[in-house]
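# Report on the structure
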Amino acid sequence: MRSQDYDRLYLSPPHLGRHELNYLHKAIEDNWVAPAGPNLDGFERDICEFTGAQHCVALTSGTAAIHLGLRLLGVGPGDEVLCPSFTFVATANPILYLGATPVFIDSEAETWNICPERLREALEERQRQGRRPKALILVHLYGMPARLREVLAVAAEFGVPVLEDAAEALGARYEGQPLGTFGEVGLFSFNGNKILTTSGGGAIVTNNAAWAQKARFWATQAKDDAPYYQHSELGYNYRLSNLLAGIGRGQMELLEDRVKKRREIFAWYTKYLAHLPGVTLGPTEPTGGRSNRWLTCLLLNPAETTISPEQLRQHLETRNIESRPLWKPLHLQPLFATTPCFGGNICEELFNQGLCLPSGSAMTEADLRRVTDTIQDALRNGN
Ligand SMILES: *Cc1c(COP(=O)(O)O)cnc(C)c1O
């Protein structure tokens, strides 16, 4: 570690509170290091209480949750799954794990999430071919609610079930209802950079009791109910440990506070940057939507600015400030070179013009000032 790394501003580092250690202590004192245990049950209960979902299964990652969620929806070899192109690759990889094929859909310019019009086009085109995609993965990128009303109406009209990837959106709401509870199955991630973290973890939520039981069964190697090791179905080792669930319990106590802080960070960036020519902060909340503002993003319009997002990123780096490009659309990834995409211009433009700014909930006003001063400076001097 270079000495200057101590004052490095990271994009979204973990932010622990005061009670995580108590839950960890208790687990070790009581010898509940393995297998599952009280923290795991408690963490699942906390998530149910916060979201209003009836069932929760805590898992080793958000990716594992997507994998199990798609399997619950019956996705298998040869099926098609609709998915936004503008998302992290972890949204789409489990489609491939199951031998299915993604069909990518462009974003809309407001929330940056899946465009209901392009989605309809894709479904109409598939219908003309006599095909029906097996599922839709709906993502709330950067914690921003998608245009849920429109998207869910299109999915329902064509009879396509929804898996809600709320990995980045814990604590965000739509018409007052927590995200993650709008699809047949929803999921969260507790990876190190998310709004809450267990260092690594994830969870599925659903109101379907049989599905929750199935997910728990698959996540623990699909052991049949027999005194010996017997297996009738394919399983995985996906269950979260009771230790990490203890960190999760401590973190859940802080959720509302963390959302409030991240929203304040967005407001700060807006106040000090939005007036600069060519600068837009985003994404934008849809009617009825309340983002958790997991990450604040900045767009630079090349017609009005003299520096590119990459030049700005490098300039921030000289002041030891981490920033990152927006997600590179999946239809542009070599891994998905032959995968169809409906539209694509909107998310390509977001990728070309955007930069994610430090948004960690532990940032101080001095930290924020350091970022906004640096950006103002860069835009003023054209570098
Ligand atoms: C982080 C993330 C995931 C995966 O979660 P992990 O816990 O890292 O496996 C999935 N989808 C999106 C949109 C994410 O940001």
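## A look at the domain arrangement of the chain
Structurally, the chain comprises domain 1 (3-12 + 256-381) and domain 2 (20-254). Taken together, the contact pairs 41 residues of domain 1 with 47 residues of domain 2. Together domain 1 and domain 2 conceal approximately 3,800 Å² of surface at their shared face, both sides included; 67% is due to carbon and sulfur atoms. In terms of surface lost to domain 2, no three residues of domain 1 exceed Trp-294, Trp-327 and Phe-342, which account for 23% of the buried area on that side. Between domain 1 and domain 2 we count one salt bridge in total. Between Glu-256 and Arg-173 there is a salt bridge; the shortest N-O distance is 3.5 Å. The interface formed by domain 1 and domain 2 includes 25 residue pairs in polar contact (both at pLDDT 80 or more). Broken down by element, the side of domain 1 that touches domain 2 gets its largest block of residues, five residues, from helix 9 (residues 255-273). When its residues are assigned to classes, the side of domain 1 that touches domain 2 shows 20 nonpolar, 13 polar and eight charged.

## Regarding the nonpolar core
Residues Ile-47, Leu-68, Leu-70, Leu-119, Leu-136, Tyr-142 and Leu-326 are the most contacted members of the largest nonpolar core, which totals 91 residues. Among the elements that line this core, the one with the most residues is helix 3 (residues 62-72), at six residues. Each of domain 1 (3-12 + 256-381) and domain 2 (20-254) gives at least three residues to this core. Each residue touching Leu-68, except ones within four places of it in the same chain, is listed here: Leu-59, Ile-204, Ala-215, Trp-218, Ala-219, Tyr-236 and Tyr-238. Counting residues in each nonpolar core, the second largest holds 23 residues, with Leu-9, Trp-268, Leu-276 and Leu-312 among its members.

## Digging into the environment of Gly-278
Along the chain, Gly-278 turns up in the loop between helix 9 and strand 10 (279-282). Sequence-wise, Gly-278 and Glu-110 are 168 residues apart; in three dimensions their C-alpha atoms are separated by 17 Å.

## Notes on the packing of helix 10 (residues 309-318) against helix 12 (residues 365-380)
At a closest axis distance of 10 Å, the pairing of helix 10 and helix 12 adopts a crossing angle of 130°. Taken together, the axis directions place helix 10 and helix 12 in an arrangement best described as oblique. In the packing of helix 10 onto helix 12, the handedness of the crossing is right-handed. Here Leu-312, His-315 and Leu-316 of helix 10 lie close against helix 12, whose contacting residues are Val-371, Thr-374, Ile-375, Asp-377 and Ala-378. Its residues assigned to classes, the contact of helix 10 with helix 12 comprises five nonpolar, two polar and one charged.

The rules we used
Residues numbered from 1 in each chain as written. Predicted model: local features only at pLDDT ≥ 70, side-chain atom pairs only at ≥ 80, totals over all residues. Heavy atoms only, no water. Domains from an automatic or database assignment. Contact = heavy atoms within 4.5 Å. Buried area = accessible area lost by both parts, 1.4 Å probe. Salt bridge = Lys/Arg side-chain N within 4 Å of Asp/Glu carboxyl O. Polar contact = N/O pair within 3.5 Å; in protein donor to acceptor, adjacent residues only side chain to side chain. Helix = DSSP H or I, 4+ residues; strand = E, 2+ residues; numbered from the N terminus. Nonpolar A, V, L, I, M, F, W, Y, C, P; charged D, E, K, R; others polar. Core = buried A, V, L, I, M, F, W, Y, C linked by side-chain atoms within 4.5 Å. Buried < 20%, exposed > 50% of the residue type's maximum accessible area, 1.4 Å probe, protein only. Axes fitted to C-alpha atoms, helices over the stretch in contact; angles between N-to-C directions. Parallel < 35°, antiparallel > 145°, perpendicular 65-115°, else oblique. Left-handed = near helix turned anticlockwise from the far one by under 90°.

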